[in-house]
Amino acid sequence: MAQGCKTIGVLTSGGDAPGMNAAIRAVVRAGIAAGMKVKGIKRGYAGLLEEEIVDMDSRSVADIISRGGTILYTARCRAFMTEEGQRKGAEICHKHGIDGLVVIGGDGSFNGACKLANLGINTIGVPGTIDLDIACTDYTIGFDTAINTAMEAIDKIRDTSTSHERVSIIEVMGRHAGYIALWCGIANGAENVLIPEAYDYDEQKLIDQIIRQRKIGKTHHIIINAEGIGHSVGMAARIEAATGLETRATILGYMQRGGRPTCKDRVYASIMGARAVHLLAEGKSKRVVAHGDGGFIDYDINEALAMKKEIHPDFLTVGNELIRI
Ligand code: ADP
Ligand code: F6P
């Protein structure tokens, strides 16, 4: 039978996401409950290479479940993309007695975890990103908070947009994925949603729609634009020139990544963090914790990374009927 880990590390990597603290807390407390030592690695793989490693106990994760961001900090690290960096990372883990590692982050971070696993460190990935762009799971830590933050901001923009009878383009995060835009488009009753997965870049069609909607009495026109399409300011100028309607662009930006996590993000992140520890306790490695079919599951990291994420057909249907994606 595979040997369970004795000392585990936990790190957060890539873009931060509200709920990461809840996951860290769960890893620390579930680890201690399983009789393991737990070490926090600061600043993701960059901190691993710099040996920014601290002992964690139950008190070191007190009062963090309601806080956005990550108490361990996060970073992107080019040096860890190299074999030399990965070997050094594994050696540092060995030096500190770390035989298991929980990596909270996105696909990139899971690639790094896979490399460490090949070098003898048991690793488990926990999906943390506001973008929901991890194929093996229908939930990622931070997405729920981010869409609620964005939805509230867009409601406010809609008020002023209506008062001034303007067209508003609101850019939300999602470099490669349109999930935040799609969910907000439905929740905010937008007229159009532009997402990397579906936008045909036919701006004239958009302009014709705006003119048509105005003729039938609409007093505003909300376009939610995913970051992956971008160029909202230029788009606003072109739409204003073509329609004669005042058009404003708002880029919501990093406010979407911060703030107090929602109840769902706290609870799901806690369950996922604890499950990662249970897998390490069973001697498992190279797994990713996921949510699907109404429950929590886990996948082989390589299988998970090979999966392709498609927008669910129900979303495309409602998208086409209600918001024209
Ligand atoms: P995310 O985890 O949110 O997808 P990134 O793609 O920026 O974010 O990845 C986070 C970090 O994971 C990178 O800065 C790098 O240190 C590490 N990483 C990404 N891809 C790989 C890879 N192919 N091999 C090793 N490490 C990787
Ligand atoms: O966390 C995901 C994400 O917010 C993407 O939507 C965005 O493109 C990216 O992170 C921006 O990351 P940063 O500017 O922090 O490198």
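Remember, predicted model here, so these are calculated numbers, not experimental data.

What follows concerns the pattern of salt bridges. Inspection of the entire model under this criterion finds 13 salt bridges. One salt bridge in this structure joins E52 and R43, with 2.5 Å as the shortest N-O distance. A salt bridge links K95 to E51; its shortest N-O distance comes to 2.9 Å. Placement of the pair is K95 in helix α3 (residues 83-95) and E51 in the loop between α2 (44-49) and β3 (53-56), with a sequence separation of 44 residues. A relative accessible area of 59% places K95 in the exposed class.

This brings us to the site of ligand 2. Surveying the vicinity of ligand 2 reveals the residues G15, R76, I130, D131, M173, G174, R175, E227, Y254 and R257. G174 places a polar main-chain atom, nitrogen or oxygen, 3.1 Å from an oxygen atom of ligand 2. At 2.9 Å from an oxygen atom of ligand 2 is found a side-chain nitrogen or oxygen belonging to R257. Against a free-state accessible area of 400 Å², the protein chains account for coverage of 83% of ligand 2. The residue inventory of the shell around ligand 2, partitioned by class, reads three nonpolar, two polar and five charged.

Domain annotation of the protein chain identifies domain 1 (2-142 + 261-306) and domain 2 (146-258). A C-alpha centroid distance of 35 Å is found between domain 1 and domain 2. Taking both partners together, domain 1 and domain 2 bury about 840 Å²; carbon and sulfur atoms supply 58% of that area. At the junction of domain 1 with domain 2, the criterion picks out one salt bridge. For R257, the salt bridge identified is with D16, shortest N-O distance 2.8 Å. Linking domain 1 to domain 2 there are two residue pairs in polar contact (both at pLDDT 80 or more). Tallied by class, the residues present in the side of domain 1 that touches domain 2 amount to four nonpolar, three polar and three charged.

Below, the discussion takes up helix α8 (residues 232-243). In a regular helix each residue adds 1.5 Å, so 12 residues correspond to 16 Å; α8 covers 16 Å between its end C-alpha atoms and thus fits that length. Considered for burial, the residues of α8 that qualify are S232, M235, A236, I239 and T243. Down the axis of α8, the smallest arc covering the buried residues is 100°, so these residues share one side. Set apart from the buried face of α8 by more than 90 degrees, the exposed residues are V233 and A241. Close packing links the buried residues of α8 with β6 (167-172), β7 (192-194), α7 (203-215), β8 (221-226) and β9 (247-251). Downstream of α8 by one or two residues, G244 has phi in the positive range, about 75°.

Let's shift gears to helix α1 (residues 20-33). Between its first and last C-alpha atoms α1 spans 20 Å; for 14 residues at 1.5 Å apiece the expected length is 20 Å, and the two agree. In terms of burial, α1 is a largely internal element, 10 of the 14 residues being buried. Every buried residue belonging to α1 is among M20, N21, A22, A23, I24, A26, V27, V28, A30 and G31, and all of these are buried. Elements that come into contact with the buried residues of α1 comprise β1 (7-12), β2 (37-41), β3, β4 (100-105) and α9 (263-281). Just downstream of α1, G35 is the residue with a positive phi angle, here 80°.

What follows deals with the site of ligand 1. Taken together, 16 residues are adjacent to ligand 1, and R76, C77, G106, G108 and S109 come closest. Here R76 contributes a side-chain N or O atom positioned 2.7 Å from an oxygen atom of ligand 1. The contact in question runs from an oxygen atom of ligand 1 to an N or O atom on the backbone of G108, over 3.0 Å. Protein contacts shield 79% of the accessible area of ligand 1, which totals 560 Å² for the unbound molecule. If one sorts the elements of the shell around ligand 1 by residue count, helix α4 (residues 107-118) sits on top with six residues.

If you trace the backbone, G68 turns up in the loop between β3 and α3. Between the alpha carbons of G68 and P18 there is a distance of 4.5 Å; along the sequence they are 50 residues apart. Ignoring sequence-local partners within four residues, the contact set of G68 consists of P18, N21, G259, R260 and P261.

Positive phi, close to 55°, is recorded for R43, a residue that is not glycine. Its place among the elements puts R43 in the loop between β2 and α2. Residue classification places R43 among the partly exposed positions, given a relative accessible area of 31%. Positive phi, close to 55°, is recorded for E165, a residue that is not glycine. Structurally, E165 is set in the loop between α5 (143-163) and β6. The exposure class assigned to E165 is partly exposed, which follows from its relative accessible area of 45%.

Cut-offs applied
- Residues numbered from 1 in each chain as written.
- Chains lettered and ligands numbered in written order.
- Predicted model: local features only at pLDDT ≥ 70, side-chain atom pairs only at ≥ 80, totals over all residues.
- Heavy atoms only, no water.
- Salt bridge = Lys/Arg side-chain N within 4 Å of Asp/Glu carboxyl O.
- Helix = DSSP H or I, 4+ residues; strand = E, 2+ residues; numbered from the N terminus.
- Buried < 20%, exposed > 50% of the residue type's maximum accessible area, 1.4 Å probe, protein only.
- Near = heavy atom within 4 Å.
- Polar contact = N/O pair within 3.5 Å; in protein donor to acceptor, adjacent residues only side chain to side chain.
- Areas by Shrake-Rupley, 256 points an atom, 1.4 Å probe, with all protein chains shown as cover.
- Nonpolar A, V, L, I, M, F, W, Y, C, P; charged D, E, K, R; others polar.
- Domains from an automatic or database assignment.
- Buried area = accessible area lost by both parts, 1.4 Å probe.
- Expected span 1.5 Å × (residues − 1).
- Arc of directions from axis to C-beta.
- Contact = heavy atoms within 4.5 Å.

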